[in-house]
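Here is what each chain is made of, one letter per residue.
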Amino acid sequence: MTAAPHADTDAHVDELRALEAEAVHIIREVVAELERPVLLFSAGKDSIVLLRLAEKAFRPSPLPFPVLHVDTGHNFPEVIDFRDHRLAEDGHRLIVASVQESIDKGRVTETGGPGTSRNRLQTRTLLDALEEHRFDAAFGGARRDEERARAKERVLSFRDEFGQWDPRSQRPEPWSLYNGRIRRGEQVRVFPLSNWTELDIWRYVELEKLALPSIYFAHERQVFERDGILLGLSEYTLPTESELVQRLRVRYRTVGDLTITGAVRSDADDVAGVIEEIAAATVSERGETRADDRTSVAAMEDRKREGYF
Amino acid sequence: MTTTSRPRQLLRLATAGSVDDGKSTLIGRLLHDTGSLPTDHLEAVTNADGQADLAALSDGLRAEREQGITIDVAYRFFSTPTRSFVLADTPGHERYTRNMFTGASNTHVAVLLVDARTGVLRQTRRHARIADLLGVPHLVAVVNKIDLVDFDETRFKEVESELGLLAQRLGGRDLTVIPVSATRGDNVVTRSDSTPWYTGPTLLAYLEAVELAAPSAVASELRLPIQWVARPTDHQRRRYTGRLSAGTLSVGDEVLVLPAGSRSTVTALDTLDPHRAVAVAPLSVSFELADDVDVARGDLVVSAATNATAPVPAREIDATVCWLSETPLRAGDRVALKHTSRTVRATVQELHTRLDPETLEEHDSPSELALNDIGRITLRTSTVVLADPYATNRDAGAFILIDEQSNDTVGAGTVSDTREVVPGEQTRHDIKWHPSSLKRDRRWSATGQRGATIWLTGLPASGKSTVAVALERTLVDAGRTAYLLDGDNVRHGISDDLGFSPGDRAENIRRVGHLTRLFADAGVVAIASMVSPLRSDRAIARALNEAADLPFLEIHVSTPVDECERRDPKGLYARARAGELRGLTGIDAPYEAPENPDLAFDTTGADLDDLVARILTELARHEGLQA
């Protein structure tokens, strides 16, 4: 047990390239074994990496599946702009499933008041969209390092005909052998980034020179603090009288519904700067910026059981 | 910034051990002491008194927290400047052994936990055996809760020797043993002052130093299973994708595509990495070939170099399996076997042994393998599998078994040996031919029926079936028992698991050969109407019948291909010409005409009754010879 780490010789593959090869392998397996895949795309960093890996998996051919955005209606405008440009440039087919529409149709009911979000409502919209288009496999950018229930996920996460997750009856997944067999109506959620960490994502963004929405980098924004989370001021996020609005230099670690996604104070205005900050961060991505996961110890597990990705 | 500029290695590890040995605490300790534990995660498991329950970090599911056990694999991440680690925290509970199997299957290191107070337990042995079976390159044993035996060196030595015995039983494996207190952090990341008698590495030091062997990067050892084929457009060539499990691939390499054996040269290669021209395992690639050879998902690309070795196109596999299902596995069961990117049907030929997890002894000829059992079995596959022994190549030697009804993954296994099965020639020691109490002569004379086989071969739409139907009718009208075994009908039942690959075609002919032998033995005139394009396949059918002293007539329906294509009652030729159907005999698959048929005729403009009469004359001549 003496050997020093190997140099990046031809025989040894660097960790990011190893993760890339694994993700591409997963994406190709699913396309080969299932009928109608779709890629879930939020224009966040994870789904941008996922889209890039899917493009690589099939280049020079176009993606053999469309891209689905579950739109809560409470978006950062910069993110929606980015989404439309990124997908149009490369000729991807975008399907937008709207939570607002689900609310209008009476499929879900919105509870009002400060601190509520549409995150939980997304599940219904997602399941409806999968059913409407008869998608049987949905690629998602979820990572196991995000959260405790996520850490329990398989790469191919089997869901019953109601889209539900049963953590006790997951299929064993030894080696790189993925069982994609399902019955009509059942689905799999596929997580090619399972073994990636937040830092891996950023390092891959750097390696592949991927463009990201501007909110990921330090900029000045009007924010106010609620339950320890810095929320950006918007028409959907209005402060109560006791909440003080300040102009701060911030960036976002995650992109989500803007009613629950917090900003962090930062001066990192490029990828290298962000990597430096994250490498030294002592608070997790979700812990720092996502209010929804704090509501209960098992919040994510419960949402996954219902059919959330 | 050091983390971004230096290429680092990814090490995968799994933990194993009994319930309450302290796995989750150890992992919490590793994460905490390497600074990989975010403060919010720590806060979430810290009680009002400020006591952190590190074990709770891994127990991500409600039921796990309620019952205090780990049900499913949890993946955790930590890193140091030289390596990043993906850790599979696998359950100790016996009921979830299958998850331990999953977690440990593709890891470099297995960390085996042992409680210093109890020593080696049943589950420790089982997990060590599984890790060994899975070919996990490195085993390290952590003797935990050393603080609870007062850091007693003598007790540590006792447990160490128990572990030494275990390593011996696993074929003398190298096993590093480290005294640890996960709760206090002794010898996990930081060296302990309480164990001055221990001079070996801390757990983290071990994990950072352990050597990672890369898969073979010898060009001639290439193994590249095809995953997906991009259909060509006007501007694009056909493109093949897959992930290397051994060897290298670069532009200009000559390759063989198995099982067909087509040869071509790589003309374009995408390794996904712009700085890398030569692909090595485990990279995923896409590539193009110089020739328009037929390559499909499940095929295997290997090197065409003269010194290269390819796996045998096997139909029989000796393997060790871990059974993962509540319904036990028995000999004769049918399953789907997924190996690399190929899924085939398989029958469990024989259960050889079952491992006693308590004693690690193997018991011969078990009646079944129950949930969590490990045993050695032989599988017979419906079509060829191109596997390497697991000891040589972990990816090319591993498979899962899938239940075709439930679609569940019910087994996982490793290949120890593969055999090419020459149809009709395999010897089986476990089954005997059971003779009938009746002699054939007695049967034939009592019914006045004599059996024979009339085998019609020829191109699709050559008129075989038309002749066969008329022949059957004429024979029956004359008072003989005759039965038509039509190629299409056989594929509805007896051969519904077979496709049209060369291997599957051969198997189909072999089965029909056996059927005609049984029919003929019973006194029936079996009429087989089969394209049966290859001489070697037809020779097997003939050999089966002649070995049993049964008349066998090979009749070549030699209608030329132009005429067959003009008729085309099933539209096969039209589809083949349109590119919708591949491998149609006569168009893009070979037909080998019989060299010495018993009879040959072209049906173009022929009189059907005349053809039938010619066959009957030939049959009578054969029967005369027989008598």
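Quick caveat, the model's predicted, so the values are computed rather than measured.

**Topic: helix α6 (residues 198-207) of chain A**
Since the α-helix advances by 3.6 residues per turn, residues separated by three or four positions end up pointing in the same direction. Across the ten residues that make up α6 of chain A, a large majority, eight, are buried. Burial in α6 of chain A covers these residues: E198, L199, D200, I201, W202, R203, Y204 and V205 of chain A.

**Thoughts on the interface of chain B and chain A**
Listed as interface residues are 100 residues of chain B and, on the opposing side, 77 residues of chain A. Summed over both sides, the interface between chain B and chain A buries roughly 7,300 Å², with carbon and sulfur atoms accounting for 52% of that surface. For E404 of chain B, the salt bridge goes to R181 of chain A, with nearest N and O atoms at 3.8 Å. Ranked by the residues each element gives to the side of chain B that touches chain A, the list is headed by helix α4 (residues 62-67) of chain B, at five residues. Of the residues in the side of chain B that touches chain A, the class split is 43 nonpolar, 32 polar and 25 charged.

**With respect to the environment of D53 of chain B**
For D53 of chain B, the position within the fold is in the loop between α3 (39-44) and α4. A C-alpha to C-alpha distance of 48 Å links D53 of chain B and D270 of chain B, two positions 217 residues apart in sequence.

**Concerning the packing of aromatic side chains**
One pass over the structure, following the stated rule, counts 14 aromatic pairs over all chains. Residues F76 of chain A and Y252 of chain A carry aromatic rings whose centres are separated by 4.7 Å and whose planes lie at 65 degrees to one another, so their mutual orientation is edge-to-face. Of this pair, F76 of chain A sits in the loop between β2 (67-71) and α3 (77-89) while Y252 of chain A sits in strand β9 (residues 245-252), placing them 176 residues apart in sequence. Taken as a pair, F76 of chain A and Y252 of chain A share a single burial class, namely buried. Aromatic side chains F156 of chain B and Y198 of chain B sit 6.3 Å apart centroid to centroid with 75 degrees between the ring planes, which places their arrangement in the edge-to-face category. One end of the pair, F156 of chain B, is in helix α7 (residues 153-169); the other, Y198 of chain B, is in the loop between β6 (175-179) and α8 (203-209), with 42 residues separating them in the sequence. Residue classification places Y198 of chain B among the buried positions, given a relative accessible area of 8%. Linked through ring pairs, F58, F65 and F139 of chain A together with W228 of chain B together constitute an aromatic cluster. Here R144 of chain A stacks its cationic end above the ring of Y75 of chain B, 3.6 Å away from the centre of that ring.

**Focus on the sheet that holds strand β8 (residues 239-243) of chain B**
Pairing between sheet strands relies on hydrogen bonds along the backbone, with the strands arranged either parallel or antiparallel. All names here are of chain B. In space, the six strands of this closed barrel follow the order β7-β8-β13-β11-β10-β14, with antiparallel pairing throughout. Neighbouring strand axes in the sheet, compared pairwise and without regard to direction, differ in orientation by 45 degrees on average. Here four bridges tie strand β10 (residues 254-258) to strand β14 (residues 300-303), and the two strands are oriented antiparallel to one another. Within β14, the position partnered with V255 by the bridge is S303.

**Points about the UniProt feature "binding site: ATP" (unreviewed entry) in chain B**
Residues and elements named next belong to chain B. UniProt tags G458, L459, P460, A461, S462, G463, K464 and S465 as "binding site: ATP" (unreviewed entry). Examined against the element boundaries, P460 turns out to sit in the loop between β22 (452-457) and α10 (464-477). With near-sequence residues (within four places) excluded, P460 lies in contact with V531, C564, L572, Y573, L584 and T585. Contacts of K464, omitting those with residues within four sequence positions, involve L456, T457, G458, L459, S529, M530, V531 and V557. A polar contact is formed between the side chain of K464 and the backbone oxygen of L459, at a distance of 3.0 Å.

About the cut-offs
- Residues numbered from 1 in each chain as written.
- Chains lettered and ligands numbered in written order.
- Predicted model: local features only at pLDDT ≥ 70, side-chain atom pairs only at ≥ 80, totals over all residues.
- Heavy atoms only, no water.
- Buried < 20%, exposed > 50% of the residue type's maximum accessible area, 1.4 Å probe, protein only.
- Helix = DSSP H or I, 4+ residues; strand = E, 2+ residues; numbered from the N terminus.
- Contact = heavy atoms within 4.5 Å.
- Buried area = accessible area lost by both parts, 1.4 Å probe.
- Salt bridge = Lys/Arg side-chain N within 4 Å of Asp/Glu carboxyl O.
- Nonpolar A, V, L, I, M, F, W, Y, C, P; charged D, E, K, R; others polar.
- Phe/Tyr/Trp six-rings, centres within 6.5 Å; stacked < 30°, edge-to-face > 60°.
- Lys NZ or Arg CZ within 6 Å of the ring centre and 35° of its normal.
- Pairing = 2+ DSSP bridges.
- Axes fitted to C-alpha atoms, helices over the stretch in contact; angles between N-to-C directions.
- UniProt positions renumbered as here; feature names shortened; annotations may be inferred.
- Polar contact = N/O pair within 3.5 Å; in protein donor to acceptor, adjacent residues only side chain to side chain.

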